[in-house]
Amino acid sequence: MNRHLRYVGAVGVAGAAYWLAAKVGLQLAYLHGSVAALWPPVGVGMAVLVLYGPRLWPGIVLGDLAVADFSQPVGTVLGQTVGNTLEVLIAALLFYRLAEGRTQLGRVRDVGALVVAAGAGTAVSATFGATSLRLGDVIPGGQLGAVWRTWFLGDFSGGLVFAPLMLCWVGMRVDAITPRQALEGSVVTALIVVLALLPSQRDVPYVVFPVLIWAALRGGPRGASGAAALVTTLTVFNTAHHAGPFVRATTTQSLLATQLFVAAAAVTSLVLGAVIEERHAALEALREKERRLRDSRARIVKAGDAARRRLERNLHDGAQQRLVSLALTLRLARIQLEKNPAETDHLLIEASDELQCAIDELRELARGIHPAVLADRGLGPALEVLADHAHLPVDLETTYPQAPTVDRGGRRLLRRRRGTDKHREIRARDVGHPSVGREQQERRLACWR
Amino acid sequence: MYLPPIGQDNPPVMSVLIVDDHPSFRASARRLLEAEGFNVVGEVADGHEAIAAALELKPDLVLLDVQLPDLDGFEVAGRLAALGLPSAVVLTSSRNAAEYGPIVAETPMRGFVPKAELSGAILTDLLSL
């Protein structure tokens, strides 16, 4: 029940927004409100459906009927309302699809999507509207083409100006604006108003372009859409009051001149704003990549340091200890050569064995830190060799349902496979050394293959 | 900790406690020093055991490895000196003394012997200083 109520409320709000935009549009209309050079409801309705979903389309119907001219035949009114609703719905759906759901106009492609979508929707509305007027005999047959063009350009301009304004500004957090940005925005706004309204500037409409460019450069799509909406609204308002550079001999000519300016100013600003936004996004992506590269480099350095420490430790605990023992054994042999020559032979054999062990360990170390037997014969034999060479006596008992191959045994152990495979285990009983009085203990080594 | 039987014939002049976490070094050092007339009274594998054994055995000499699993040899030497034990401390390591920097000179000990150069004669010289 609440969901339905929320929907009805949302439709009502959408209709109210459309109606309010239409009221503003009528203030900008020429010929005592009968012809609109810039029709804001198209942009507002389009943005509402893009932002809050196309299912709010009944709000467009209600808003359009609320501002309809019921002095015309009912069929004409309904025909225009159907066209206006389809216009907004088609434009919103097409824009959302072409812009791939990116509604902030942050890419040139998105601005292109807006132009195409607004153009397509507006063509439908102009066709419905002009035909309805003609069929209701509101306009003579000779004006059909001019009415279609004026309708199209007015709605198209309304879509280009007011849809971006809403898409970029609705939902913006006011507290995210810095005082400096607020000051700069105020200066841009004041400059636009002064340039648009100063009588001496009215013959040179292009003087506003540097300010439009400034707004787009500094504010991206948001600055561009805001500045373009302000400039075009003031221009249309001036022309409607027979002032400014776009006042021509006939209303039709004035409309055309104004609408072309509005479209040119809006598209130019939005494209520049999108380019700026793309540049910011590219810079941000570059910074992110640089940060990742830095992190990656730090990880590599750290891993290298750890590997060197491990290597040093392996050398210290392995071959170096054996060589130290060898040195001491040879020194002892020299002593025994004088005192007890019979013992010397035994010591020399022991020294030779110790030297061979040191050579073997260095060979294994050189072959990629892990024992060569692991790659040659697999995990079980590697553990047996390890146990044979340990300083403590070790009884090793391995259990394998099948002999592991090189790849499936050793390498997988080294890679620390995740526990998705069948779990197997190897047991090693560490007997301990009597001279250091260690208790017999059982050590369980687990591996995954 | 390993304690040998008491009451041997021809007791050696110097009693030694060997502190090293590598059993192979302890075994080799024991054989060499005993062949050169020292009495090895104990072997331990870490710093805390070393302090306990030194307090109990009061050896003439503690042959102390620098790299131990808990305390390092410098720390153990400092604690032994602070306890006022009469034992002389000789540090030993697979590395040279220069690799450890000034801490070697600052540590209260009789001397430093690289492991590969260990001999009874060197220890005797150091103890006679």
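These figures come from a predicted structure and were not determined experimentally.

(A) Seen up close, the overall build of chain B. Of regular secondary structure, chain B possesses five helices and five strands. For chain B, the N- to C-terminal ordering of α and β elements is β-α-β-α-β-α-β-α-β-α. With 129 residues in all, chain B has 40% of them scored as buried.

(B) Representation of the overall build of chain A within the structure. Scanning chain A from N- to C-terminus turns up 14 helices and five strands. Counting all 449 residues of chain A, 35% fall into the buried class. Pairs at least 24 apart in sequence give 71% of the contacts found in chain A among residues at least 6 apart.

(C) Examining helix 3 (residues 73–82) of chain B more closely. Residue and element names in this part refer to chain B. Along helix 3, the positions that sit buried rather than exposed are Gly 73, Val 76, Ala 77 and Leu 80. Angularly, the buried residues of helix 3 cover 100 degrees about the axis, an arc narrow enough to put them on a single face. On its buried face, helix 3 is in contact with helix 2 (47–57), strand 3 (61–65) and strand 4 (88–93). Positioned one or two residues after helix 3, Gly 84 has a phi angle of 75 degrees, which is positive.

(D) Structural context of helix 6 (residues 144–169) of chain A. Residues and elements named next belong to chain A. With 26 residues, helix 6 ought to run about 38 Å at 1.5 Å a step, and its terminal C-alpha atoms sit 37 Å apart, in line with that. Of all 26 residues in helix 6, 20 are buried; the element is thus mostly enclosed. Two residues or fewer after helix 6 comes Gly 171, characterised by a positive phi angle close to 85 degrees.

(E) Spotlight on the nonpolar core. Of all hydrophobic cores here, the largest spans 78 residues; its most connected members are Met 46, Phe 95, Leu 114, Ala 227 and Ala 228 of chain A. Elements that contribute at least two residues to this core include exactly helix 1 (2–27), helix 2 (40–52), helix 4 (74–98), helix 5 (108–135), helix 6, helix 7 (179–197), helix 8 (209–240) and helix 9 (251–317) of chain A. Per-element accounting of this core gives the leading share, 13 residues, to helix 6 of chain A. Each residue touching Ala 227 of chain A, except ones within four places of it in the same chain, is listed here: Val 188, Ile 192, Val 211, Leu 212, Ala 215 and Ser 269 of chain A. Val 16, Ala 45, Ala 53 and Val 89 of chain B belong to the second largest nonpolar core, which has 41 residues in total.

(F) Representation of the sheet that holds strand 1 (residues 15–19) of chain B. Residues and elements named next belong to chain B. One open sheet holds the five strands; their spatial order is 2-1-3-4-5, and the pairing between them is parallel. Taken across any chain shown, the strands that pair with only one partner, and hence form the sheet edges, are strand 2 (39–44) and strand 5 (111–114). Shown here is a sheet whose adjacent strand axes are inclined to one another by a mean of 25 degrees, direction ignored. The sheet contact formed by strand 1 and strand 3 spans four bridges and is parallel. By the bridge assignment, Val 19 is partnered in strand 3 with Leu 64. Packing against the sheet, helix 1 (residues 23–35) makes contact with strand 1, strand 2 and strand 3, and its axis sits at approximately 170 degrees to strand 2. Lying on the sheet, helix 3 is in contact with strand 3 and strand 4; it crosses strand 3 at an angle near 155 degrees.

(G) Highlighting the packing of helix 3 (residues 57–66) of chain A against helix 4 of chain A. Residue and element names in this part refer to chain A. The geometry of helix 3 relative to helix 4 is characterised by a closest axis approach of 9 Å and an angle of 140 degrees between their N-to-C directions. Regarding the angle of helix 3 to helix 4, the classification is oblique. Taken as a pair, helix 3 and helix 4 cross one another with a handedness that is right-handed. Contacts from Trp 57, Ile 60, Val 61, Asp 64 and Leu 65 in helix 3 reach Thr 81, Asn 84, Thr 85, Val 88 and Leu 89 in helix 4. For the contact of helix 3 with helix 4, the per-class residue count stands at six nonpolar, three polar and one charged.

(H) Up close: the confidence of the model for chain A. For chain A, per-residue confidence averages 83 on the pLDDT scale, and residues scoring 70 or more make up 85% of the total. Scored below 50 in pLDDT, residues 404–449 of chain A makes 72 contacts in the model with residues more than four places away or belonging to other chains.

(I) Representation of the interface of chain A and chain B within the structure. The interface of chain A with chain B comprises 16 residues on the first partner and 17 residues on the second. Top contributing element to the side of chain A that touches chain B by residue count: helix 10 (residues 319–339) of chain A, with 11 residues. Partitioning the side of chain A that touches chain B into residue classes produces six nonpolar, nine polar and one charged.

(J) Expanded view of the environment of Glu 106 of chain B. Here Glu 106 of chain B lies in helix 4 (residues 103–106). Glu 106 of chain B sits 28 residues away from Gly 78 of chain B along the chain, and the two C-alpha atoms are 9.5 Å apart.

(K) Spotlight on the pairing of strand 3 of chain B. Residues and elements named next belong to chain B. Burial of strand 3 is extensive: five of the five residues sit out of reach of the surface. Along strand 3, one buried face is formed by Leu 61, Leu 63 and Asp 65 and the opposite face, lined by Val 62 and Leu 64, is buried too. Summarising the sheet, strand 3 and strand 4 pair through five bridges and their orientation is parallel. Bridge pairing in strand 4 links Leu 61 to Ala 88. Since strand 3 and strand 4 lie parallel, the crossover through helix 3 that links them has a hand, and here it is right-handed.

(L) Molecular detail of unusual backbone geometry. Residue and element names in this part refer to chain A. A positive phi angle, close to 55 degrees, is found at Glu 100, a residue other than glycine. Mapped onto the elements, Glu 100 comes out in the loop between helix 4 and helix 5. One non-glycine residue, Asp 137, adopts positive backbone phi at about 60 degrees. Locating Asp 137 in the fold gives a position in the loop between helix 5 and helix 6.

(M) Highlighting the environment of Leu 362 of chain A. Looking at where Leu 362 of chain A falls in the secondary structure, it is placed in helix 11 (residues 341–366). Overall, the presence of 16 C-beta atoms within 10 Å leaves Leu 362 of chain A in the partly exposed class.

How each quantity is defined
Residues numbered from 1 in each chain as written. Chains lettered and ligands numbered in written order. Predicted model: local features only at pLDDT ≥ 70, side-chain atom pairs only at ≥ 80, totals over all residues. Helix = DSSP H or I, 4+ residues; strand = E, 2+ residues; numbered from the N terminus. Buried ≥ 20, exposed ≤ 12 C-beta atoms within 10 Å, placed from the backbone. Contact = placed C-beta atoms within 7 Å. Arc of directions from axis to C-beta. Expected span 1.5 Å × (residues − 1). Core = buried A, V, L, I, M, F, W, Y, C linked by C-beta atoms within 7 Å. Pairing = 2+ DSSP bridges. Axes fitted to C-alpha atoms, helices over the stretch in contact; angles between N-to-C directions. Parallel < 35°, antiparallel > 145°, perpendicular 65-115°, else oblique. Left-handed = near helix turned anticlockwise from the far one by under 90°. Nonpolar A, V, L, I, M, F, W, Y, C, P; charged D, E, K, R; others polar. pLDDT = per-residue confidence, 0-100. Right-handed = clockwise from strand over helix to strand, strands pointing away.

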